[in-house]
Amino acid sequence: MILALRRLAPLMWLSPAIALIGVVVLWPVVVLVQSSFQQIGGEGFVVGYNGTANYVNLFHEPDFVSVLLRTVLWVVAVVGVTVLLSLGLAQLFNQRFPGRRVTRWALIIPWAASVMMTALIFKWALDPNVGVVNVILHRIGVVRQLGSNQADWLGNPTSALIWMMGVAVFVSLPFTTYALLSGLQGISRDVYEAAAIDGATSWKSYLRVTLPLLRPAILVATLINVINVFNSFPIIWEMTRGGPGYETSTSTIYMIDLKESDVGQAAAMSVFNFLLVIVIVLVYLSTTRWKEQVG
Amino acid sequence: MDKKFARRISGAALAAAAALALAACGSSGSSGGGSGSGGTTTLKLVVADYGTGPSNASAKYWDTIVSAFEKAHPDIKVNVTSIAWTNFDSEVQTMIQNKQYPDITEGDYFSNYAQDGLLYPASDVLSNPGNLLPAFKAQGTYNGVQYGMPFTTSSRTLFYNKKLFTQAGIASAPQTWAEIQADAAKITRLGDVGFGLPLGAEEAQAESLLWMLGDGGGYQTAGKYTINSAPNVAAFTFLKGLVSAGDTEPNPGTVNRTDLWKEFADGKVGMINGSPALIPIIQSAGVLQSSDWTSVPIAGKTGPLTTTLGVCDNVAAFKPNGHAAQIKQFLDFAYQDKYQLAFDKEYDLLPATTTAAKALSTDPVFGPFLTALPNSVQYPSDTAWANVKAKVQQTIGLAVTGSPSTELSQLQQIATTAS
């Protein structure tokens, strides 16, 4: 009897966490999937079962394919550039130099500041008439006239997307750099000494020693970034609202917009997003053979 | 039309979105209120913010009414939530989707809420619904019953910067599209924006309708959506020409009305369609003197419009919290003439009740407009409009860069499916 209770003891300790995950994570997923098969109007009333109509309508939206392709581009570009820059930054912050402590602290600022705030600051800085970016570019002669097409970076879908990717990289750098930096600090000095004795140049030891040993850290940083960036919302919402039309929308922005008129179809979009993230993560994990790395 | 009248010819309440004020983000978290201990009922009043800053925020206007009302009715408390115009529709919608119902809203009203049985008919929550201006009755009516109760009304005019006109050597106000184009080109050559064309998501549906009307078009013909009608396509083809000639601000499809009005107030825009809500913005910017700008009827394809876009903002009373009696007491109180007139004075808008309109009918400024109000053109009032409006706001700006007929046909298709 007592033995049986003892066996159950861990469950007792775990139950709050399990309950929390069940209520906060699993239950919403169940409701989400359920909603995606129901007809729900803009006022949130469930009209009834809708079969797969929400999905069919979603796939037939004229902007659906372009929104998806843009989302893929957004994720690949933002995460790719973030990881590359962070590798460099982590290397830099791993060196000894005066003021290292202060600069390491300073790196936290883009992460600590509200993303919405950061997005708004960039939006104002890019104002075609009075934005500080344009005023500087005008003074040095890059922007010929303030208030012109050329100065309206956020009005043109291509340049708007590039600027917003820049902001997304900016806010993703701190976390990624810290993750890689901790990875770097975990690599033992002995390995480098051994490499040096074997005659490895610094570039070679970076490629053959640092990068392979850093792979677990890169793996985790990339995965977390992919999920974050895929679902990223405030930057695009504040800077262009996905416009003109849907030409700077990613699937998350598109889902929010759908929600105004059709909650069911918006739920279908969310389910699709959810599956897409899972697929991307699984493909990434299998190609990087994560078990050998992390396990 | 004399100048003074023209200047103040009333303007859209919708327009009052002037307060993009970030500070006004309403919370959607509080509950719908209810009967507390001691038999006190709390009403949740959700209003749009018409103010241009903290000094004339709409919360202030409502607080005056509420404190007088609470004194007279100690058993009822009223909580006021004010929301910036840009977020009003979606925040109210979110409250409703989450079943956190307000008791009363003042701002945009959609017949969908009536269709879903969420609203009290006007006759249940007003002692004298017949006093509401009859011109706007149709817009608030669903299945023959009036649910939307107009609270404030207004319309649009064409504002222009006389200083820039003189510099560009233009003698008179534009009356036709051709004159708009010629004048805009001249002002653009001075290095300023010729015509301010806000087709961004904030209020593209209003700007678009003003141009559609110019060639006799509109969103509907005889109650059916005709968004891709020939006159509408003609209007957007004209606009596309204006945009590609560089006579508007760059990328109109991404520019919001509030931002562009501020630029007009800074003296950097030659012409723009506006409402009296633009006047306080011009005054607070302090760049243009009152002799530097004026407003005239909106230019059409071959001459100025004889009708204009008439807009009313509505009060809607929500059923789910079951506060009919208390809502009625509050609305009867709030619809008193003195509060109607105070609102119009504060925001340069027009009254929505017959008695308040009568009190103003001898006013040299408002009087003539009040007689013209019954002929104004209004937005569609069917249940599809909420969806159509949201899509128009997001995508119609593409019609001035892409193909007008393709974009308008897509919107027409959405409207047909939604109705």
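What counts, and where the lines are drawn
Residues numbered from 1 in each chain as written. Chains lettered and ligands numbered in written order. Predicted model: local features only at pLDDT ≥ 70, side-chain atom pairs only at ≥ 80, totals over all residues. Heavy atoms only, no water. Contact = heavy atoms within 4.5 Å. Buried area = accessible area lost by both parts, 1.4 Å probe. Salt bridge = Lys/Arg side-chain N within 4 Å of Asp/Glu carboxyl O. Polar contact = N/O pair within 3.5 Å; in protein donor to acceptor, adjacent residues only side chain to side chain. Helix = DSSP H or I, 4+ residues; strand = E, 2+ residues; numbered from the N terminus. Nonpolar A, V, L, I, M, F, W, Y, C, P; charged D, E, K, R; others polar. Pairing = 2+ DSSP bridges. Axes fitted to C-alpha atoms, helices over the stretch in contact; angles between N-to-C directions. Domains from an automatic or database assignment. Parallel < 35°, antiparallel > 145°, perpendicular 65-115°, else oblique. Left-handed = near helix turned anticlockwise from the far one by under 90°.

### So, the interface of chain A and chain B
So, step 1. Contacts between the two partners involve 29 residues from chain A, matched on the other side by 27 residues from chain B.
So, step 2. Together chain A and chain B conceal approximately 2,300 Å² of surface at their shared face, both sides included; 46% is due to carbon and sulfur atoms.
So, step 3. The largest share of the area that chain A buries against chain B comes from A:Glu43, A:Phe45 and A:Glu260, three residues that together contribute 27% of it.
So, step 4. The tally of links between chain A and chain B comes to zero salt bridges.
So, step 5. Here chain A and chain B share seven residue pairs in polar contact (both at pLDDT 80 or more) between them.
So, step 6. Residue contributions to the side of chain A that touches chain B peak at four residues, all from helix α12 (residues 251-261) of chain A.
So, step 7. Its residues assigned to classes, the side of chain A that touches chain B comprises eight nonpolar, 13 polar and eight charged.

### Describing the sheet that holds strand β6 (residues 149-155) of chain B
All names here are of chain B.
So, step 1. Taking strand neighbours across the sheet as the criterion, the five strands line up as β2-β1-β3-β13-β6 in an open arrangement whose pairing is mixed. Edge positions in the open sheet fall to β2 (76-84) and β6, since each of these has one partner strand only. For this sheet, the mean angle separating the axes of adjacent strands, direction not counted, is 15°.
So, step 2. With three bridges joining them, strand β1 (residues 41-49) and strand β3 (residues 104-107) adopt parallel strand pairing. The partner of Val47 across the bridge, within β3, is Glu106.
So, step 3. Those strands touched by helix α3 (residues 85-97) are β1, β2, β3 and β13 (310-317), and its axis lies near 125° from that of β2.
So, step 4. This element, helix α12 (residues 324-334), spans β1, β2, β3, β6 and β13 of the sheet and lies at about 45° to β1.

### Examining the domain arrangement of chain B
So, step 1. According to the domain assignment, chain B contains domain 1 (10-154 + 312-375) and domain 2 (157-307 + 385-418).
So, step 2. Distance between the C-alpha centres of domain 1 of chain B and domain 2 of chain B: 29 Å.

### Looking at the packing of helix α8 (residues 204-214) of chain B against helix α9 (residues 230-244) of chain B
Residues and elements named next belong to chain B.
So, step 1. Closest axis-to-axis distance for the α8/α9 pair is 8 Å, and the angle between their directions is 110°. On the basis of the axis angle, α8 is roughly perpendicular to α9. The element α8 and its partner α9 pack so that their crossing is right-handed. Taken together, the residues of α9 that come into contact with α8 (itself represented by Ser208, Trp211 and Met212) are Asn232, Ala235, Phe236, Phe238 and Leu239.
So, step 2. Per-class residue counts for the contact of α8 with α9 are six nonpolar, two polar and no charged.

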